[in-house]
Amino acid sequence: MPLLSLNRYLSALSVMLLVATTASIPQAAERKLVLTGSSTVAPLAAEIGKRFERENPGVRVDVQSGGSSRGIADARSGLADIGLVSRALKPDEQDLKSFTIALDGITLIVHKDNPVQTLTDPQIVDIYTGKITRWRAVGGADRPITVVNKAEGRSTLELFLHHFQLKSGDIKAHVVIGENQQGIKTVAGNTSAIGYVSIGTAEYEASQGVPIKLLPMAGVDASVENVRNGRFPLARPLNLVTKAESEGLVRQFIDFSRSESVHDLVEAQYFVPLAH
């Protein structure tokens, strides 16, 4: 073999050996957690995830919303390591394990220019079932009521229906929304609208000048503080859900999410931290 060809052959062989040797060196696998579900829990989970990543180099936490029903389905199927569910588990969901990380309340909101200051439970039921169609009937202006309802699969809807002993088919809605921000934006842009959203989100947006008003329930002001002290009648747990007994990185994340290390993040989202 000519010297030039031999040199080329040896050079190519060296490259091949280098590639083979490099490929045989085990690379540090990225540890990843996937969380999906409730749009109420997702922003909090994302903030907890960022802090968890900083304290655990090499870990990535991927948070996606889509509703509590997605959180249940994805946790069951294994598409997610952890489901995000903003309600207690139902009797037919007892195959799953739930871990409460915070508490939240649900409040009815109207435009801040709406003169109505409070509604009774029967009035709320009559508005949402189409028996009352104008604000004049409950002390407001002579305008038609725009009923804003949550989409199917949203735990906020399920909690609302359960509290008022309604079925989904009973609701006569003009607008159907998904996330809390959609509901707030809809009511803020329509002086005749009424909707229901997370207290924490609504309280924060109102404090920032968004033109909405939180209505009391059963004589109790809708506030994070009244969720904290247990007075507000329409409250719920915010849960992480797994298919089986959690272990390893999943257990580590759940324990971190329930610890005092994240209380400031819970309060920053206007939810109520767990008592320790």
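Residues numbered from 1 in each chain as written. Predicted model: local features only at pLDDT ≥ 70, side-chain atom pairs only at ≥ 80, totals over all residues. Heavy atoms only, no water.

**Q** Describe empty space enclosed by the protein, and please don't skip the residues or the numbers.
**A** Empty space left among the atoms is revealed by rolling a probe the size of a water molecule over them. Tallied over the entire structure, the rule returns one cavity of 30 Å³ or more. Estimated volume of the largest cavity: approximately 40 Å³. Every residue along the wall of the largest cavity is listed here: Ser38, Ser39, Thr40, Gly67, Ser68, Ser86, Lys150, Arg154, Ser155 and Thr156. Classifying every residue of the lining of the largest cavity by side-chain character gives no nonpolar, eight polar and two charged. (1 Å grid on protein atoms, 1.4 Å probe; cavity = no way out; pocket = protein on both sides within 12 Å on 5 of 7 lines; lining within 4 Å. Points joined across faces, edges and corners; volume = space filled by probe spheres on them. Nonpolar A, V, L, I, M, F, W, Y, C, P; charged D, E, K, R; others polar.)

**Q** How would you explain the pairing of strand 9 (residues 235–242) if you had to name every residue and give the values?
**A** Consecutive side chains of a regular strand alternate in pointing toward one face of the sheet and then the other. Burial analysis of strand 9 places seven of its eight residues in the buried class, which makes it a mostly covered element. In the sheet, strand 3 (residues 82–85) pairs with strand 9 via three bridges, with the strands oriented antiparallel. Residue Leu84 lies in a different strand from strand 9, and its bridge partner there is Leu240. Two strands pair when backbone bridges link them, and strand 4 (residues 97–111) and strand 9 are joined in this way by eight bridges, in the antiparallel orientation. Across the sheet, the residue bridging to Asp104 is Arg236, located in strand 9. (Buried < 20%, exposed > 50% of the residue type's maximum accessible area, 1.4 Å probe, protein only. Helix = DSSP H or I, 4+ residues; strand = E, 2+ residues; numbered from the N terminus. Pairing = 2+ DSSP bridges.)

**Q** Give a detailed account of the packing of aromatic side chains, specifying residues and quantitative values.
**A** One pair of aromatic rings is described through two measures. These are the centre distance and the angle between the planes. A complete count under the given rule lists seven aromatic pairs for this structure. An angle of 85° between the planes, with centres 5.2 Å apart, marks the rings of Phe52 and Phe253 as edge-to-face. Of this pair, Phe52 sits in helix 2 (residues 42–55) while Phe253 sits in helix 9 (residues 248–257), placing them 201 residues apart in sequence. Accessibility expressed as a relative area gives 1% for Phe52, which makes it buried. Grouped by ring-pair contacts, the aromatic residues Tyr128, Phe160, Phe164 and Tyr196 constitute a single cluster. (Phe/Tyr/Trp six-rings, centres within 6.5 Å; stacked < 30°, edge-to-face > 60°.)

**Q** Give a description of the confidence of the model for the protein that names residues and reports values.
**A** Regions with low pLDDT should not have their predicted coordinates read in detail. Across the protein, pLDDT averages 88, with 89% of residues at or above 70. With pLDDT under 50 throughout, residues 12–28 is counted as low confidence; its partners more than four residues away or in other chains account for one contact. (pLDDT = per-residue confidence, 0-100. Contact = heavy atoms within 4.5 Å.)

**Q** Describe the nonpolar core, naming the residues involved and giving the relevant values.
**A** In terms of nonpolar packing, the biggest core is built from 43 residues, with Ile127, Tyr128, Phe160 and Ile194 touching the most fellow members. Tallying contributions element by element places helix 5 (residues 155–164) first for this core, with five residues. Setting aside chain neighbours within four positions, we find Tyr128 in contact with Leu108, Val147, Val148, Asn149, Phe160, Asp170, Ile171, Lys172, Ile194, Gly195 and Tyr196. Counting 26 residues, the second largest nonpolar core, distinct from the first, contains Phe99, Ile101, Phe253 and Phe271. (Core = buried A, V, L, I, M, F, W, Y, C linked by side-chain atoms within 4.5 Å.)

**Q** Lay out unusual backbone geometry in plain terms, naming residues and giving numbers.
**A** Even without glycine at this site, Gln165 takes up a positive phi of about 55°. For Gln165, the location among the structural elements is in the loop between helix 5 and strand 6 (175–177). Unlike most non-glycine residues, Ala218 shows phi in positive territory, near 55°.

**Q** Account for helix 3 (residues 68–77), with residues named and values stated.
**A** Every buried residue belonging to helix 3 is among Ser68, Gly71, Ile72, Asp74 and Ala75, and all of these are buried. On its buried face, helix 3 is in contact with strand 1 (31–37), strand 3, helix 5 and strand 9. Gly78 occupies a position one or two residues after helix 3 and carries a positive phi of about 90°.

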